[in-house]
Amino acid sequence: MESNEECIEIDVQLDKRTLNRFLLRNNFLRAGGVIGLLISISAMVGLIVFWNYFGTAQRVILIFLSLMFTVIQPVTLLMKGWEQLKKGAFREPFHYTFTPEGIEVVNIAGTANVEWKQIRRAVITKEAIYIYMNAVSALIISREECDGRFTEIVKMVREYTI
């Protein structure tokens, strides 16, 4: 890993915990995720409040709706993510080079150069940086993988994306 004032280089191996955080955060903070959560919570409340008024079939449907967006869909999402980690580009580390021009990403799938103006948004949490090029996919960089340079990378991302 090499660096100077204008360039920061890191290698990032995406792990299960970091991917899980991204997937759940990305799902539940979008409008569809919030609506799904509200549907499940409403079904759960309706099931509890009106239990005696519903027949068996209605109860089964409400139980399913209660679990759909709170258990079933998140578990399915995480399982798909875990499968991605086992194959393709996620098997090997990503090499990121942050420069004033943008971010170069190199891994077994090839090289991609992303200019700062191509970035749709950047989300910075205390555990990671998520750099979105579109609504659902992002570069995921965990604090632990930044070789002690997380603050510098955050500063650069903020400087060039805001």
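This report concerns the structure included in the present document.

1. Comments concerning the nonpolar core
Here comes step 1: The biggest cluster of nonpolar side chains holds 21 residues, and the ones touching the most others in it are Ile 10, Tyr 96, Phe 98, Ile 103, Ile 131, Ile 141 and Ile 153.
Here comes step 2: Of all elements in the fold, only strand S2 (7–12), strand S3 (94–98), strand S4 (102–107), strand S7 (128–132), strand S8 (138–142) and helix H4 (150–161) reach the threshold of two or more residues within this core.
Here comes step 3: Apart from the residues within four sequence positions on either side, Tyr 96 is in contact with Ile 8, Glu 9, Ile 10, Val 12, Ile 103, Glu 104, Val 105, Leu 139, Ile 140 and Ile 141.
Here comes step 4: Counting 11 residues, the second largest nonpolar core, distinct from the first, contains Leu 78, Leu 85, Tyr 130 and Tyr 132.

2. Considering the sheet that holds S8
Here comes step 1: Pairing within the open sheet is antiparallel, and its 3 strands lie in the order S6-S7-S8. Pairing within the sheet leaves two strands with one partner each, and these edge strands are strand S6 (121–124) and S8. Direction aside, the axes of adjacent strands within the sheet are offset by 10° on average.
Here comes step 2: Looking at chain direction, S6 and S7 are connected through 4 bridges and run antiparallel. Bridge pairing in S7 links Ala 122 to Ile 131.

3. Digging into the packing of helix H1 (residues 16–28) against helix H3 (residues 56–86)
Here comes step 1: Relative orientation of the contacting elements H1 and H3 amounts to 135°, with a least axis distance of 10 Å. Regarding the angle of H1 to H3, the classification is oblique. For the crossing formed where H1 meets H3, the hand is right-handed. Seen from H1, the contacting residues are Lys 16, Leu 19, Asn 20, Leu 23, Leu 24, Asn 27 and Phe 28; seen from H3, they are Phe 69, Gln 73, Pro 74, Leu 77, Leu 78, Gly 81, Trp 82 and Leu 85.
Here comes step 2: Looking at the contact of H1 with H3 residue by residue, the classes come out as 10 nonpolar, 4 polar and 1 charged.

4. Concerning the packing of aromatic side chains
Here comes step 1: Taken as a whole and assessed by the stated rule, the structure comprises 8 aromatic pairs.
Here comes step 2: Ring geometry for Phe 94 versus Tyr 96: centroids 6.1 Å apart, planes at 15°, classification stacked.
Here comes step 3: With a relative accessible area of 3%, Tyr 96 lands in the buried category.
Here comes step 4: The rings of Phe 90, Phe 94, Tyr 96 and Phe 98 are connected pair by pair, giving a single aromatic cluster.
Here comes step 5: A cation over an aromatic ring shows up here: Arg 59 above the ring of Trp 51, its NZ or CZ 4.1 Å from the ring centre.

5. Some thoughts on the pairing of strand S5 (residues 110–115)
The side chains of a regular strand alternate between both faces of the sheet.
Here comes step 1: Sheet topology places S4 next to S5; 6 bridges connect them, and they run antiparallel. Bridge pairing in S5 links Gly 102 to Glu 115.
Here comes step 2: Connecting S4 to the antiparallel partner S5 that follows it, the hairpin turn spans 2 residues.

6. Quick notes on a nonpolar patch on the surface
Here comes step 1: Taken together, the side chains of Trp 51, Ile 63, Phe 64, Leu 67, Val 71, Ile 72, Val 75 and Met 79 define a hydrophobic patch exposed on the protein surface, amounting to about 670 Å² of accessible area.
Here comes step 2: Within the secondary structure, Val 71 is located in helix H3.
Here comes step 3: On the basis of relative accessible area, Val 71 is assigned to the partly exposed category, the value being 39%.

7. Here's the deal with the side chain of Glu 9
Here comes step 1: In this structure, Glu 9 sits in strand S2.
Here comes step 2: Although Glu 9 is buried, it makes no salt bridge; Arg 149 carries the closest opposite charge, 8.5 Å away.
Here comes step 3: At 2.8 Å, the side chain of Glu 9 forms a polar contact with the side chain of His 95.

Thresholds applied
- In every chain, residue numbers begin from 1 and rise along the written sequence.
- Side-chain atom pairs in this predicted model are given and counted only at pLDDT of 80 or more, local residue features only at pLDDT of at least 70, and totals for whole chains, interfaces and linings cover all residues.
- Water and hydrogen atoms play no part in the side-chain values, which are based on all heavy atoms of the structure.
- By nonpolar core we mean a set of buried residues, namely Ala, Val, Leu, Ile, Met, Phe, Trp, Tyr and Cys, connected to one another through side-chain atoms within 4.5 Å.
- Only protein chains enter the accessibility calculation, which uses a 1.4 Å probe. A residue is then buried if its area is under 20% of the maximum for its type, exposed if over 50%, and partly exposed in between.
- Helix and strand assignments come from DSSP, with helices taken as H or I runs of at least 4 residues and strands as E runs of at least 2, each series counted from the N terminus.
- We call two residues in contact whenever any of their non-hydrogen atoms come within 4.5 Å of each other.
- What makes two strands pair is DSSP finding at least two bridges between them.
- Note on method: axes are straight lines fitted to C-alpha atoms, helices fitted across the in-contact stretch only, with angles between N-to-C directions ranging 0 to 180 degrees.
- Any angle that is under 35 degrees is reported as roughly parallel, and any over 145 degrees as roughly antiparallel; angles of 65 to 115 degrees are reported as roughly perpendicular and all others as oblique.
- Helix crossings get a hand from a simple test, with the near helix turned counterclockwise from the far one by less than a right angle marking a left-handed crossing and a clockwise turn marking a right-handed one.
- Just so you know the grouping, Ala, Val, Leu, Ile, Met, Phe, Trp, Tyr, Cys and Pro go in nonpolar, Asp, Glu, Lys and Arg go in charged, and all remaining residues, Gly too, go in polar.
- In summary, the pairing rule links any two rings of Phe, Tyr or Trp, Trp by its six-membered ring, whose centres are within 6.5 Å, and it sorts them by plane angle into stacked for under 30 degrees, edge-to-face for over 60 and tilted for everything else.
- In this scheme, the term charge over a ring applies when either NZ of a lysine or CZ of an arginine sits within 6 Å of the ring centre and within 35 degrees of the ring normal.
- The patch calculation keeps residues exceeding 30% relative accessible area without a salt bridge and links them within 9 Å when they carry like charges or within 5 Å when they are nonpolar (Val, Leu, Ile, Met, Phe, Trp, Tyr).
- A 1.4 Å probe and the Shrake-Rupley method give the accessible areas. Residues count as covered only by the protein chains that appear here.
- Salt bridge, as used here: a side-chain nitrogen of Lys or Arg that lies within 4 Å of a carboxyl oxygen of Asp or Glu.
- Under the convention used here, Asp and Glu are negative, Lys and Arg are positive, and both His and the chain ends fall outside the count.
- Two N or O atoms count as a polar contact when they lie within 3.5 Å, although within protein this holds only if one can serve as hydrogen donor and the other as acceptor, and sequence-adjacent residues are included solely when both atoms are side-chain atoms.

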